[in-house]
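Working through the structure, step by step
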Protein chains: 2
Amino acid sequence: MLPGPTNVPARVMRAMHVPIINHRSDDFVELYEDCVEKTKKVFMTEGEAVCLSSSGTGAVEASVVNLIKKGDKVIIPVNGEFSSRLSQMLEWAGASVIKLETQPGENASFETVKEAFDNNKDVKAFYCVWNETSTGTMINYLDKVKDLTSRNDSYYVVDGVSIVGGEELKVDKWGIDIATTGSQKAFAAPPGISPIVVNERTKKYMIENPPHTMYFNLPRYFKYYEESKHTPFTPALPLLYAYREALNMILEEGLDNRIKRHRTCSDALYSGLSAIGLTPFAKEDSRSTVVIALNYLEGLEDKTFRDTLAQKFRVLVAGGFGNLKGKVFRVGCMGEVQRYHVMRTISSIASTLDMMGYDVDAKAGLKIAEEKLKDL
Amino acid sequence: MLPGPTNVPARVMRAMHVPIINHRSDDFVELYEDCVEKTKKVFMTEGEAVCLSSSGTGAVEASVVNLIKKGDKVIIPVNGEFSSRLSQMLEWAGASVIKLETQPGENASFETVKEAFDNNKDVKAFYCVWNETSTGTMINYLDKVKDLTSRNDSYYVVDGVSIVGGEELKVDKWGIDIATTGSQKAFAAPPGISPIVVNERTKKYMIENPPHTMYFNLPRYFKYYEESKHTPFTPALPLLYAYREALNMILEEGLDNRIKRHRTCSDALYSGLSAIGLTPFAKEDSRSTVVIALNYLEGLEDKTFRDTLAQKFRVLVAGGFGNLKGKVFRVGCMGEVQRYHVMRTISSIASTLDMMGYDVDAKAGLKIAEEKLKDL
């Protein structure tokens, strides 16, 4: 139940177990083109997709270095570790960064974003971390940002590393220019492949203004793909096979079904864990459907709690990040998450708390979770 | 017989097939520390090692962006695709690059390098591509460069992507400050992990002058490793397991034995393929022991030759790169290469040439190869 890397189905793991092929061969073209086309389906875009051999941070860095030039004005909501990192990357790229800072656990409202656009008519781009994994918050107005970026055709970039595939993202319809994710989150593939999608006008801009970097040089990827459907650098072949199989599973389940499953499970987790006496860290209107951050009860020690949960029940949850270390723990609700994961997690957390001397109502938690899960 | 990715032993492939672990756990520390320590053994260094989740190009880019600042003077021999790329990365980082250019197939001599040092007493670093995979050349004076860099304590950086583990590299003894490789070459692991080793003084410089990049930010890797033996970003876990197993196999065989095996096999390949009538592309004093580039015979068409060899004999070799496309083909002699690979390759190439109407002396090729291989 980690917020990534998540459990990987045996079918996806098995897909890695094929002989290493030549990455300059027809076998590779068949594999990579399939990865690209299926990635585009999950992102709901007709644009370009590049599957980078890196962690999600690599794809996010690619979204920065290929678009931002010295002096560009950028708006970004900042409320946790990953949005701070993205903001840092933007500054390194030379951007003048307008940070819409909120407390961890809260999101900048759409009105705040609108105000920033009102006050900065020369903005080049809006960047956001859709799901802030460090605090369990999620921006829920991605469909509305286009109204602001369309004013001056500024760029709209979504870091969706921990959430794409688990929540709804309509890249083309919502006017998103660049979006990224990582394979090890809601895609339920092993870590190491990070897709980035780029629409036509942004691709054109990148090709006309190529970045001074090599490994994340997207124009180079576009060129190789156009010429031969190859990648410029040797890709992580076994992981691409696994990634393709994970995409197959997503498309077989159906995107709508998958998103509904994620939402139902997280609703059950929030309700069930609240009923046993825990409180979510994030404000209600900002809560993520794929990462549930919970406040520790008074006196509950992080390491003891998570070790007990892991050793006695084999349920793994993550601790807090940075300042939140020891104050919250985080439950992933992504990828393969099913009814039994939810029930087992609530039951195991309740039992662990009970063993540590807390008075918790396990029954109430399981009852409400079952109700929420009834349509799954 | 590709010059990477190379065949991966079943034992290494099987190592990937374990459940995905938490990269913030003791299980990960055990895995990653093992990878780091064994990497250091193969590079013969007491310095730091970082195992990046990227292709070799990523590690090479890390060697540039973490060391080179605007205006730094750098000397680099350039004679092919990969040294041109490295030179390009140095320029992007703002370096004033002194290129020692030679024809493809030839290396800048040590005297030329010495002269460049004589004429540039303020040089900050010497970079080189040890093995130029695109042309089958190898620099054979790595042990002597220290005499030049030690004059003003300039940095000595070796891109060993396609060769480390297959040829001798004494990082500490030879005064090398940074060295890199890729997992999919002489290590015989799947592609996707690229180690970089950095000695103490260079690490200190990097920490005091951190780069403005995220994914290849080595000070960040040093900090995470020092604090918790973690990596800053989610690593490609299955590939790390495979990489570790490949390191185990290298150390079980013994570095000396492994290098001897590579040298013996390449000697047999050069002799055998020459005896059947082919000529190596690289000048004799510059020839690589891990990538053998051969000139096509008059009228021999690249695609037809390689397709026939692949389809009838299941022997895969690579074509030429850039300007050399259609003019040379390249045989990898790295990783798992053994007696039978050499014999089968010579025999299959001779038979293919025969089928395509060329008069070749297969027997002569196999006879001399067998002689060369007798001590293996």
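Residues numbered from 1 in each chain as written. Chains lettered and ligands numbered in written order. Predicted model: local features only at pLDDT ≥ 70, side-chain atom pairs only at ≥ 80, totals over all residues. Heavy atoms only, no water.

Let us look at the interface of chain A and chain B. On the side of chain B, 46 residues touch chain A, which itself brings 46 residues to the contact. At the surface where chain A touches chain B, the tally comes to 2 salt bridges. Note that R220 of chain A is salt-bridged to E81 of chain B, the shortest N-O span being 3.8 Å. Summed over the shared surface of chain A and chain B, the result is 8 residue pairs in polar contact (both at pLDDT 80 or more). Listing elements by their share of the side of chain A that touches chain B, those giving two or more residues are α1 (10-15), α3 (56-65), α4 (81-92), α8 (218-228) and α9 (237-253) of chain A. Here the side of chain A that touches chain B takes 5 residues from α4 of chain A, the largest share from any one element. Counted by class, the side of chain A that touches chain B contains 24 nonpolar, 17 polar and 5 charged residues. (Contact = heavy atoms within 4.5 Å. Salt bridge = Lys/Arg side-chain N within 4 Å of Asp/Glu carboxyl O. Polar contact = N/O pair within 3.5 Å; in protein donor to acceptor, adjacent residues only side chain to side chain. Helix = DSSP H or I, 4+ residues; strand = E, 2+ residues; numbered from the N terminus. Nonpolar A, V, L, I, M, F, W, Y, C, P; charged D, E, K, R; others polar.)

Take the relation of the copies chain A and chain B next. Overlaying chain A on chain B yields an RMSD of 0.0 Å, the required transformation being a rotation through 180 degrees with an accompanying axial translation of 0.0 Å. Taken together, the rotation and translation relating the two chain copies correspond to the operation of a two-fold axis. Nearest to the rotation axis, the C-alpha of S54 of chain A is located 2.8 Å from it, this being the minimum over chain A. Same-surface contact between copies: 100% of interface residues of chain A are shared with the interface of chain B. (Least-squares fit on C-alpha atoms with pLDDT ≥ 70 in both.)

Here we take up the nonpolar core. Among the nonpolar cores identified, the biggest contains 193 residues, and L90, Y127 and L169 of chain A together with L90, Y127 and L169 of chain B are the most heavily contacted of them. Apart from residues lying up to four places away in sequence, Y127 of chain A is in contact with S63, V64, L67, I68, V74, I75, I76, P77, L86, L90 and V157 of chain A. (Core = buried A, V, L, I, M, F, W, Y, C linked by side-chain atoms within 4.5 Å. Buried < 20%, exposed > 50% of the residue type's maximum accessible area, 1.4 Å probe, protein only.)

Here, UniProt's "domain: Aminotransferase class V" (unreviewed entry) annotation points to residues 21-311 of chain A. As annotated, residues 21-311 of chain A comprises 42% helix and 16% strand, and the C-alpha atoms at either end are separated by 40 Å. (UniProt positions renumbered as here; feature names shortened; annotations may be inferred.)

A full pass over the atoms with the stated rule returns 31 aromatic pairs over all chains. Ring geometry for F305 of chain A against F329 of chain A: centres 4.8 Å apart, planes inclined by 50 degrees, an arrangement best described as tilted. On the criterion of sequence distance, the pair formed by F305 of chain A in helix α11 (residues 302-313) and F329 of chain A in strand β12 (residues 328-332) is long-range, its members being 24 residues apart. Consider the rings of Y215 of chain B and F233 of chain B, whose centres lie 5.7 Å apart with planes at 25 degrees: the pair is stacked. Of this pair, Y215 of chain B sits in the loop between α7 (200-208) and α8 (218-228) while F233 of chain B is found in the loop between α8 and α9 (237-253), placing the two residues 18 residues apart along the sequence. Given the relative accessible area of 2%, Y215 of chain B is considered buried. Residue classification places F233 of chain B among the buried positions, given a relative accessible area of 4%. Connected via pairs of aromatic rings, a cluster forms that spans Y215, F216, Y221 and F233 of chain A together with Y215, F216, Y221 and F233 of chain B. (Phe/Tyr/Trp six-rings, centres within 6.5 Å; stacked < 30°, edge-to-face > 60°.)

Take the pairing of strand β1 (residues 48-53) of chain B next. Residue and element names in this part refer to chain B. Among the 6 residues of β1, 6 are classified as buried, and the element is accordingly described as predominantly covered. Side chains of β1 alternate between two faces, with E48, V50 and L52 and A49, C51 and S53 buried alike. With 6 bridges joining them, β1 and strand β9 (residues 193-198) adopt antiparallel strand pairing. Opposite S53, over in β9, you have I193 as the bridge partner. (Pairing = 2+ DSSP bridges.)

All names here are of chain A. Domain assignment breaks chain A into domain 1 (10-253) and domain 2 (255-372). Taking the mean C-alpha position of each, domain 1 and domain 2 sit 28 Å from one another. Every contact between the two is made by 31 residues of domain 1 and, on the other side, 25 residues of domain 2. Among the residues domain 1 hides against domain 2, the three largest losses belong to G136, E167 and E253. Together they make up 24% of the total. Joining domain 1 to domain 2, the criterion identifies 3 salt bridges. For the pair domain 1 and domain 2, the number of links is 14 residue pairs in polar contact (both at pLDDT 80 or more). (Domains from an automatic or database assignment. Buried area = accessible area lost by both parts, 1.4 Å probe.)

All names here are of chain B. In contact at an axis separation of 10 Å, helix α11 (residues 302-313) and helix α12 (residues 339-355) are set at 120 degrees when each is read in the N-to-C sense. Classified by the interaxial angle, the pair formed by α11 and α12 is oblique. Crossing geometry of α11 relative to α12 is assigned as right-handed. Of the residues in α12, those in contact with F305, T308, L309, K312 and F313 of α11 are S348, I349, S351, T352, L353 and M355. The residue inventory of the contact of α11 with α12, partitioned by class, reads 6 nonpolar, 4 polar and 1 charged. (Axes fitted to C-alpha atoms, helices over the stretch in contact; angles between N-to-C directions. Parallel < 35°, antiparallel > 145°, perpendicular 65-115°, else oblique. Left-handed = near helix turned anticlockwise from the far one by under 90°.)

All names here are of chain A. Its location among the elements puts K99 in strand β3 (residues 96-101). Judged by its relative accessible area of 35%, K99 is partly exposed. Placed 23 residues apart in sequence, K99 and I76 show a C-alpha to C-alpha distance of 5.2 Å. A distance of 3.4 Å separates polar atoms of two side chains, one belonging to K99 and the other to E91.

An order of β10-β12-β11 (chain A) is seen for the 3 strands of this open sheet, with the pairing classed as antiparallel. With one partner strand each, in any of the chains shown, β10 (291-295) and β11 (318-319) of chain A form the two edges of the open sheet.

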